[in-house]
Amino acid sequence: MSADEIDITARRQVAAEERRMRSRHSMSLRDAFAEFLRHPSPWIMAGFLATALVARVWLGGWGLADVLVPVVMVASFPLVEWLVHVFVLHWRPKRLGPVTIDPLVSRKHREHHRDPRDIPLIFIPWQVLIVVIVAALAVGLLLFTSVERGLTFLVVLPAIGLVYEWTHYLIHSDYRPRHAFYRRLWRNHRFHHYRNEHYWFTVTTAGTADRLLRTYPDPDSVEKSPTAKDLHALSRTE
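The structure contained in this document is the topic of the report that follows. (Residues numbered from 1 in each chain as written. Predicted model: local features only at pLDDT ≥ 70, side-chain atom pairs only at ≥ 80, totals over all residues. Heavy atoms only, no water.)

**Topic: the overall build of the protein**
At step 1: Summing up its helical and strand segments, the protein has 9 helices and 2 strands in all.
At step 2: Starting at the N terminus and walking to the C terminus, you meet the elements of the protein as α-α-α-α-β-β-α-α-α-α-α.
At step 3: Burial statistics for the protein: of 238 residues in total, 44% are counted as buried.
At step 4: Restricting the contact set of the protein to residue pairs at least 6 apart, pairs at least 24 apart contribute 68%.
At step 5: When the accessible surface of the protein is split by element, carbon and sulfur atoms take 66% of a total near 13,100 Å². (Helix = DSSP H or I, 4+ residues; strand = E, 2+ residues; numbered from the N terminus. Buried < 20%, exposed > 50% of the residue type's maximum accessible area, 1.4 Å probe, protein only. Contact = heavy atoms within 4.5 Å. Areas by Shrake-Rupley, 256 points an atom, 1.4 Å probe, with all protein chains shown as cover.)

**Description of the packing of helix 4 (residues 65-89) against helix 5 (residues 104-114)**
At step 1: In the contact formed by helix 4 and helix 5, the axes pass within 9 Å of each other and the chain directions differ by 95°. In this view, helix 4 runs roughly perpendicular relative to helix 5, as classed from their interaxial angle. Taking contact as the criterion, the partners of His85, Val88 and Leu89 in helix 4 are, on helix 5, Val105, Ser106 and His109.
At step 2: Here the residues of the contact of helix 4 with helix 5 are counted per class, giving 3 nonpolar, 3 polar and no charged. (Axes fitted to C-alpha atoms, helices over the stretch in contact; angles between N-to-C directions. Parallel < 35°, antiparallel > 145°, perpendicular 65-115°, else oblique. Nonpolar A, V, L, I, M, F, W, Y, C, P; charged D, E, K, R; others polar.)

**So, empty space enclosed by the protein**
At step 1: Tallying each qualifying case throughout the model produces 1 cavity of 30 Å³ or more.
At step 2: Of the pockets and cavities examined, the largest cavity occupies roughly 30 Å³.
At step 3: For the largest cavity, the full set of lining residues is Pro116, Arg117, His172, Arg190, His193 and Tyr194.
At step 4: Among the elements that make up the lining of the largest cavity, the one with the highest residue count is helix 8 (residues 180-194) (3 residues).
At step 5: Classifying every residue of the lining of the largest cavity gives 2 nonpolar, 2 polar and 2 charged. (1 Å grid on protein atoms, 1.4 Å probe; cavity = no way out; pocket = protein on both sides within 12 Å on 5 of 7 lines; lining within 4 Å. Points joined across faces, edges and corners; volume = space filled by probe spheres on them.)

**Here's the deal with the nonpolar core**
Within soluble globular proteins, side chains that are nonpolar generally end up buried alongside one another.
At step 1: Membership of the largest hydrophobic core comes to 28 residues, with the highest contact counts inside it found for Met73, Phe153, Leu154, Tyr169, Ile171 and Tyr182.
At step 2: A total of 10 residues in this core trace back to one element, the largest contributor, which is helix 7 (residues 147-172).
At step 3: Excluding residues that lie within four positions of it along the chain, methionine 73 makes contacts with Phe153, Val156, Leu157 and Ile160. (Core = buried A, V, L, I, M, F, W, Y, C linked by side-chain atoms within 4.5 Å.)

**What about the packing of aromatic side chains?**
At step 1: Under the criterion given, the structure shown has 13 aromatic pairs.
At step 2: Seen from their ring centres, phenylalanine 33 and tryptophan 166 are 5.9 Å apart, and the 75° between their planes marks the pair as edge-to-face. With phenylalanine 33 in helix 2 (residues 29-36) and tryptophan 166 in helix 7, this pair connects stretches of sequence that are 133 residues apart.
At step 3: Judged by its relative accessible area of 42%, phenylalanine 33 is partly exposed.
At step 4: Residue class for tryptophan 166 comes out partly exposed when judged on its relative accessible area of 22%.
At step 5: Aromatic pair phenylalanine 191 and tryptophan 200: ring centres 5.2 Å apart, planes at 35°, arrangement tilted. Residue phenylalanine 191 shares its accessibility class with tryptophan 200, and that shared class is buried.
At step 6: Through pairs of rings, three or more aromatic residues link up here, namely Phe33, Phe36, Phe123, Trp166 and Tyr169.
At step 7: Sitting above the plane of the tryptophan 62 ring, arginine 56 keeps its charged end 3.9 Å from the centroid.
At step 8: Just above the ring of tryptophan 91 sits the side chain of lysine 94; from NZ or CZ to the centre is 4.1 Å. (Phe/Tyr/Trp six-rings, centres within 6.5 Å; stacked < 30°, edge-to-face > 60°. Lys NZ or Arg CZ within 6 Å of the ring centre and 35° of its normal.)

Quick look at the structure:
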């Protein structure tokens, strides 16, 4: 198959996905949220958020840093999201002697690419969240100059995580895009899954870290990747 034929096939696949979205019964936000709550990761993050928030309000001692910490975290999140997606989620298994280093989150993400419509695979595995929470507690309570600022960090982190989890889930659900901003997120993520997995890594923003790090090309200039659903072509070597 020539490059032109591959490109035409990729365009047709994305267009077909959009037509399927239009033809399927459109899920309401209420129905989408009800499905969202059937999975463990939102509850884990919400519980962590509520606990950290109660502790932060009870401790008091507010200052300017309690504004700066959220601003820095939100502003840097597109870059963090890009780095995690590229270097953790798209991790290529590596062998060290008899041991293969292949984290659970990376394995689950490969499964997610194989079947983007499998709803449970959209969510962060609960085992991974437990590790993240332990690491976050260590950072928040040991590395910040005060417990107050560390607790502010621990409030903002799960709040950002919930936004990510909800956005990622909604993109893969049957909820139909109605607004320009969400349509851009929806379309970019589908390009990542159905055209080329080497581009469009951000989920909650469009054209931010991807544009900065040169992974936000014109979709018409990108050929369809044969490994978009088989990251690193691992299934061919297993």
